[in-house]
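Summary of the model geometry
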Amino acid sequence: MYWEPERECMAREDLEQLQLERLQSTLYRVGTHVPFYRKKFEELKFNYDAVRSLDDIRQLPFTEKEDLRSNYPYGLFAVPLRDVVRVHSSSGTTGLATVVGYSRNDIKTWSNLVGRVLTAAGVTRNDVIQIAFGYGLFTGGFGLHYGAEHIGASVIPISAGNTKRQIQIMQDFKTTALVCTPSYALVIADTMMEMGVNPNGLSLRFGLFGGEPWSEAMRQEVHEKLGILATDNYGLSEVMGPGVAGECQECNGLHINEDHFLLEVVDPITLEPVAPGEVGELVITTLTKEAFPMIRYRTRDLTRFLLEPCPCGRTMKRMERVIGRSDDMLIIKGVNVFPIQIEKVLFEIKGTEPHYQIIVERENHTDKVSVLVEVSENIFFDEMKKQRQMVDHIKARLAAELGIGVDVKLVEEKTIERSMGKSKRVIDKRKL
Ligand code: DLL
């Protein structure tokens, strides 16, 4: 049930003391070894010896993606390259790549934290775990792989793609846990149907999904189609990769590995802390990373802390599923809209396929949004009148959810490109 109960169920007071000690040593390390931070601390006349409480972190500057780019490739490393045993990189969808590094201890910590996430979701050494995340510079494949080996599960490092083969292997090797992005889980489920494979005949019990935002409605869909317990897990390469936070079997928010990361939720405009339990941008400080420590990294991910204790007994604070990135937020006629809100509605409507895309264009200086929705064959080939009714129905439901009207277009099954990894939900033609 727990991987490290002595940590995961620690008394709050002890946890905060540990966080403070680890924060102090992290600040000392970056202040002495990373010129970028040394300079920032000097400019601010910040004396890291004076840090006496966790709240003192608010005196520190934020670190942004741009800082990683301008110190490309190794400028922010806190150890010499000979002590780095691994590098990963996030290409991002825009701009230059960023590079992150791990010492031998960092890899151990990482495996351990992913071990916690896997255990919380129900995986044990008796499981056969199929890792359908890409292996490579992306942290998903290797991160989950090392964690799964660490807890003694049997790992199938199949990587992403070749969906029919995934299903064949799942049948032959008796996979019990599937690890991939939630959108790829749906692609696998649909391909199973096409192949006439009944998921109930498989050994699959758990699905650990992460790497991209997904709605509760999508979780239900995956659960129903694959007959598994689907949990969410979160992380980002800048602070480690997967293993930052993950859901337990309560499926109600992600436990943060707080002994290794200090999380804040701030207002993305004022950069001040939001009121407890309010939504804002997640800011993360690493507390144990050796090779690549990060101070107050602005993730751009929006979420909130859940303040209620969790029945599972873990004392580590939970965060709600990430609703989206501030840079994915659409402003339509002045209203803020996240793709996940559109997803929620589409998943609730009968006859739509769980595949959609949002197109944003600019016409006469105003943003125009159209939602392309795949519908099952019988609806697509139905008479015009019925199609029209379907479009009106979706439009009305979207308007009720979002508070503004958007255009809806029905498209045939398989029109929208399937993704093996992170799916691209929004096509922004304004920037082209
Ligand atoms: O996606 C790390 C990861 C891999 C986490 C596999 C979980 C499982 P990056 O490629 O650096 O790292 O992308 C990080 O992906 O800032 C979020 O915007 C998004 N993201 C990751 N997990 C979730 C999630 C990995 N569970 C970026 N829910 C993050 C919502 C997520 N968004």
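Located above this text is the structure these notes cover.
Residues numbered from 1 in each chain as written. Predicted model: local features only at pLDDT ≥ 70, side-chain atom pairs only at ≥ 80, totals over all residues. Heavy atoms only, no water.

1. What about the packing of helix α10 (residues 339-348) against helix α12 (residues 384-402)?
When two helices pack together, their arrangement is given by the angle between the helix axes and the distance between those axes. Filter applied, for reference: Helix axes are fitted to C-alpha atoms over the stretch in contact, other axes to C-alpha atoms as well, and angles between N-to-C directions run from 0 to 180 degrees. Helix and strand assignments come from DSSP, with helices taken as H or I runs of at least 4 residues and strands as E runs of at least 2, each series counted from the N terminus. With respect to orientation, any angle under 35 degrees is reported as roughly parallel, any angle over 145 as roughly antiparallel, any angle of 65 to 115 as roughly perpendicular, and every other angle as oblique. By the definition used in this description, the sense in which the near helix is turned from the far one sets the handedness, with an anticlockwise turn below a right angle giving left-handed and a clockwise turn giving right-handed. By the convention used here, residues are in contact when the closest approach between their heavy atoms is within 4.5 Å. Each residue gets one of three labels, nonpolar for Ala, Val, Leu, Ile, Met, Phe, Trp, Tyr, Cys and Pro, charged for Asp, Glu, Lys and Arg, and polar for the others, Gly among them.
At a minimum axis separation of 10 Å, α10 and α12 run at an interaxial angle of 140°. Of the possible angle classes, the one that applies to α10 and α12 is oblique. Along this stretch, α10 crosses α12, giving a crossing that reads as right-handed. Residue-level inspection shows Q341, I342, K344, V345, L346 and E348 of α10 in contact with α12, the latter providing I394, R397, L398, E401 and L402. Among the residues making up the contact of α10 with α12, the classes are represented as 6 nonpolar, 1 polar and 4 charged.

2. Section: the sheet that holds strand β21 (residues 426-428)
Our working rule: Criterion used throughout: strands pair if DSSP finds at least two bridges between them.
Overall, mixed pairing links the 4 strands, which are arranged β20-β19-β18-β21 in an open sheet. Of all the strands in the sheet, just β20 (407-411) and β21 have a single pairing partner and so form its edges. When strand polarity is set aside, the average angle formed by the axes of neighbouring strands in this sheet is 20°. Sheet topology places strand β18 (residues 352-363) next to β21; 3 bridges connect them, and they run parallel. Across the sheet, I358 pairs through a bridge with V426, a residue of β21.

3. Concerning a nonpolar patch on the surface
Quick reminder of the rule: To count toward a patch, a residue needs a relative accessible area over 30% and no salt bridge; like charges are then connected within 9 Å, while nonpolar side chains (Val, Leu, Ile, Met, Phe, Trp, Tyr) are connected within 5 Å. Here the accessible surface of atoms and residues is derived via Shrake-Rupley with a 1.4 Å probe, and residues count as covered only by protein chains that are part of the display. Criterion for a salt bridge: a side-chain nitrogen of Lys or Arg within 4 Å of a carboxyl oxygen of Asp or Glu.
A contiguous nonpolar surface patch, about 250 Å² in accessible area, is contributed by Y74, L81 and V87. Mapped onto the elements, L81 comes out in the loop between α4 (65-70) and β1 (84-90).

4. Observations regarding the sheet that holds strand β10 (residues 261-266)
Across the sheet, which stays open at both edges, the 4 strands sit in the order β10-β11-β12-β15 with antiparallel pairing between neighbours. Lying at the two open borders of the sheet, with one neighbouring strand each, are β10 and β15 (324-325).

5. Quick word on the site of the ligand
This is how the line gets drawn: When we say a residue is near a molecule or strand, we mean one of its heavy atoms is within 4 Å of it. Each polar contact in these results corresponds to two N or O atoms within 3.5 Å; when the atoms are within protein, one needs to be able to donate a hydrogen and the other to accept it, and residues that are neighboring in sequence are counted only if both atoms are side-chain atoms.
What surrounds the ligand is a group of 20 residues, the closest being D232, N233, S237, D301 and K422. Separating an oxygen atom of the ligand from a side-chain N or O atom of S237 is a distance of 2.4 Å. At a separation of 2.6 Å, an oxygen atom of the ligand approaches a polar side-chain atom of D301. For the ligand, whose accessible area on its own is 610 Å², the fraction buried by protein is 92%.

6. A closer look at helix α7 (residues 163-172)
Worth spelling out the cut-off: Burial classes: relative accessible area under 20% of the type maximum marks a residue as buried, over 50% as exposed, and values in between as partly exposed (1.4 Å probe, protein chains only). As used here, the arc is the angular range of directions from the helix axis to the C-beta atoms.
Residues of α7 that are buried: T163, Q166, I167, I169 and M170. For α7, the angular spread of the buried residues around the axis is 165°, confining them to a single face. Looking at the buried side of α7, the elements it contacts are β3 (128-131), β4 (154-156), β5 (177-180) and α8 (182-195). One or two positions beyond α7, positive phi appears at K174, with a value near 60°.

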